[in-house]
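Chain residues, written in single-letter form:
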Amino acid sequence: MKKIAVLGCGTVGSGVVEVFYKNRASIERKAGSKLDIKYLYVHRPHPELPWQDKLCFDFDTIANDPEINIVVEVMGGVHPAFEMVSTCLQNGKSVATANKELIAQKGAELLATAREHHVNILFEASVGGGIPIIRPLHQCLGANEIDDIQGILNGTTNFILTRMIRQGMSFSDALGQAQQLGYAESDPTADVEGIDACRKICILASLAFGKHIYPDWVHCQGISQLTAEDVAYAQDWGGVIKLIARAHRLQDNGGIAITVEPMFVSHESQLSTVDDVFNGILVTGDATGEVLFYGKGAGKLPTASAVISDVIDCAKSTDTIDTLYWEQSDPVKDSGLLCDWSQLPAQYYLRLALQAPSQSALVDELFCSPVLLARKRQPATELAFVAPSMAPATLDALCDRLQQEGISVLGRIRLL
Ligand code: HSE
């Protein structure tokens, strides 16, 4: 019999307990051993929980109990999760966690600690909720060099964008609806500003490229500045706006570029059809070509499903699974591992407000007479178009020039 402790009993933690007892027989068969949950670690009494006999308020009891083989960490946040998970690994207990913030900040350290103590730290649930993506990257796609990962990794922002696209809602109305339906937190900053997607792409990129990549290094922009007009122009262009987290190798010099930002995504891309709270991750391997992962990226039961798949692997493994690994890097000195995104040429959609129609001559001069989007609907003083490919730093300089002439940049969105 292998015994499990669950740290945290919120939505995901209670989902883990529910799914475990619902499917216990088949989970044990796959794990190859009898399993049971011995402790649920919580900070305060929870009279509403049905598992009162398992509640434990003292972490040291769990850390020092030799019967506990596997610990599930679903508390969230870096501290004290990092200290607790480290202690469990040092005490010879494997850990399954859904904590993306923890892995994005401390993944390399925890993987090294697990290796040193011949146990595992597994985190399938940290990216894409119920979608298998961590295990495919280091096992099923293990033969490949990964060239590109493009992901819709945040369900809340994808729900908001879908409402803006389908119903023409404003960002704030769509956010309000997401909050009412319980998708968005009361403080939605981490979701809407791209911070959550950034943590997730850093985990995938660290795994794909073998070195720890810190969220601080990544150019990260959220969706809070998008307007219904931008969404309509994307439609005229032939696509939709999605919050895309992308990590790819540059073809010319093999450098790594990572960005999180709203992008114009053509209807030809499979990602353009990933709607509502669903996530989609398009991985390009040098042998496989494109592989698409799609499913529920959040929620109690999908996330619990991924956590329990890790519990099964923890129970089965007799040593560290060594394909799941990346090297440590220095958060400050190694930031040059990533290319400077501001120098990477790309095409951008721009929406400008002119003071007078005659100023379009300057726009034509600076942007080589671009083809306008939705020519008929525009007021004479508004121009929207896709600029020729150029580095964002060059585009900044052109936008400065426009501002000097009294032309405002109302929207600026990269094309995928
Ligand atoms: N807030 C996250 C999302 C939850 O909306 O995708 C899952 O990580």
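For the structure itself, look to the data block above.
In this report, the structure presented in the accompanying data block is examined. Keep in mind that this is a model prediction, so the values were computed, not measured. (Residues numbered from 1 in each chain as written. Predicted model: local features only at pLDDT ≥ 70, side-chain atom pairs only at ≥ 80, totals over all residues. Heavy atoms only, no water.)

What to know about the site of the ligand
In the neighbourhood of the ligand, the contacting residues comprise Lys100, Asn154, Gly155, Thr156, Asp191, Asp196, Lys200, Gly297 and Ala298. One of the side-chain N or O atoms of Asn154 is found 3.5 Å from an oxygen atom in the ligand. One of the backbone nitrogen or oxygen atoms of Gly155 is found 2.8 Å away from an oxygen atom of the ligand. Its free accessible area being 260 Å², the ligand has 81% of it covered by the protein chains. When each cavity is represented as a set of grid points, the ligand is found to reside in the largest pocket. Looking at the shell around the ligand, its residues break down into 1 nonpolar, 4 polar and 4 charged. (Near = heavy atom within 4 Å. Polar contact = N/O pair within 3.5 Å; in protein donor to acceptor, adjacent residues only side chain to side chain. Areas by Shrake-Rupley, 256 points an atom, 1.4 Å probe, with all protein chains shown as cover. 1 Å grid on protein atoms, 1.4 Å probe; cavity = no way out; pocket = protein on both sides within 12 Å on 5 of 7 lines; lining within 4 Å. Sits in = over half its atoms within 2 Å of the grid points. Nonpolar A, V, L, I, M, F, W, Y, C, P; charged D, E, K, R; others polar.)

Digging into the packing of helix 7 (residues 155-167) against helix 8 (residues 171-180)
The geometry of helix 7 relative to helix 8 is characterised by a closest axis approach of 9 Å and an angle of 130° between their N-to-C directions. Our classification of the angle between helix 7 and helix 8 gives oblique. As helix 7 packs across helix 8, the resulting crossing turns out to be right-handed. Contacts between helix 7 and helix 8 involve Phe159, Ile160, Arg163 and Met164 from the former and Phe171, Ala174, Leu175, Gln177 and Ala178 from the latter. For the contact of helix 7 with helix 8, the residue count by class is 7 nonpolar, 1 polar and 1 charged. (Axes fitted to C-alpha atoms, helices over the stretch in contact; angles between N-to-C directions. Helix = DSSP H or I, 4+ residues; strand = E, 2+ residues; numbered from the N terminus. Parallel < 35°, antiparallel > 145°, perpendicular 65-115°, else oblique. Left-handed = near helix turned anticlockwise from the far one by under 90°. Contact = heavy atoms within 4.5 Å.)

Some thoughts on the pattern of salt bridges
Taken as a whole and judged by the stated rule, the model has 27 salt bridges. With a shortest N-O distance of 3.8 Å, Lys106 and Glu109 are connected by a salt bridge. Here the residue Lys106 and the residue Glu109 both occupy positions in helix 5 (residues 100-116), the gap between them amounting to 3 residues, near one helical turn. When its relative accessible area of 29% is taken as the criterion, Glu109 is described as partly exposed. Close ionic contact of Asp313 with Arg135 constitutes a salt bridge, the shortest N to O distance being 2.8 Å. In this pair, Asp313 sits in helix 12 (residues 300-316) while Arg135 sits in helix 6 (residues 134-140), placing the two residues 178 residues apart along the sequence. Its relative accessible area of 18% is what places Arg135 among the buried residues. Residues participating in the shared-partner salt-bridge network are Glu124, Arg135, Asp310, Asp313 and Lys316. (Salt bridge = Lys/Arg side-chain N within 4 Å of Asp/Glu carboxyl O. Buried < 20%, exposed > 50% of the residue type's maximum accessible area, 1.4 Å probe, protein only.)

Observations regarding the pairing of strand 10 (residues 256-266)
A regular strand places its side chains so that they alternate between the two faces of the sheet. Among the 11 residues of strand 10, 10 are classified as buried, and the element is accordingly described as predominantly covered. In this structure, strand 9 (residues 239-249) lies alongside strand 10, joined through 11 bridges in antiparallel fashion. Bridging across to strand 10, Ala245 finds its partner in Val260. Linking two consecutive strands that pair antiparallel, namely strand 9 and strand 10, is a turn of 6 residues; a positive phi of about 75° is found at Gly254 within it. (Pairing = 2+ DSSP bridges.)

Examining the packing of aromatic side chains
How two aromatic rings sit relative to each other is given by the distance of their centres and the angle of their planes. One pass over the structure, following the stated rule, counts 10 aromatic pairs. Look at Tyr41 and Phe59: their rings are 6.3 Å apart centre to centre, the planes differ by 75°, and that puts the pair in the edge-to-face class. Linking Tyr41 in strand 2 (residues 35-41) with Phe59 in helix 3 (residues 59-63), this pair joins segments that are 18 residues apart in sequence. As far as burial versus exposure is concerned, Tyr41 and Phe59 are alike and both buried. Between Tyr233 and Tyr349 the ring centres are 6.1 Å apart and the planes differ by 45°, which places this aromatic pair in the tilted class. Of the two residues, Tyr233 is situated in helix 11 (residues 228-237) and Tyr349 in strand 13 (residues 348-353); the sequence distance between them amounts to 116 residues. The pair formed by Tyr233 and Tyr349 is uniform in burial state, with each residue classed as buried. Ring pairing ties together the aromatic residues Tyr233, Trp237, Phe264 and Tyr349, which thus form one cluster. Here Lys106 stacks its cationic end above the ring of Phe82, 4.6 Å away from the centre of that ring. For the cation-ring pair, Arg115 lies above Tyr325, with the distance from its terminal atom to the ring centre recorded as 3.6 Å. (Phe/Tyr/Trp six-rings, centres within 6.5 Å; stacked < 30°, edge-to-face > 60°. Lys NZ or Arg CZ within 6 Å of the ring centre and 35° of its normal.)

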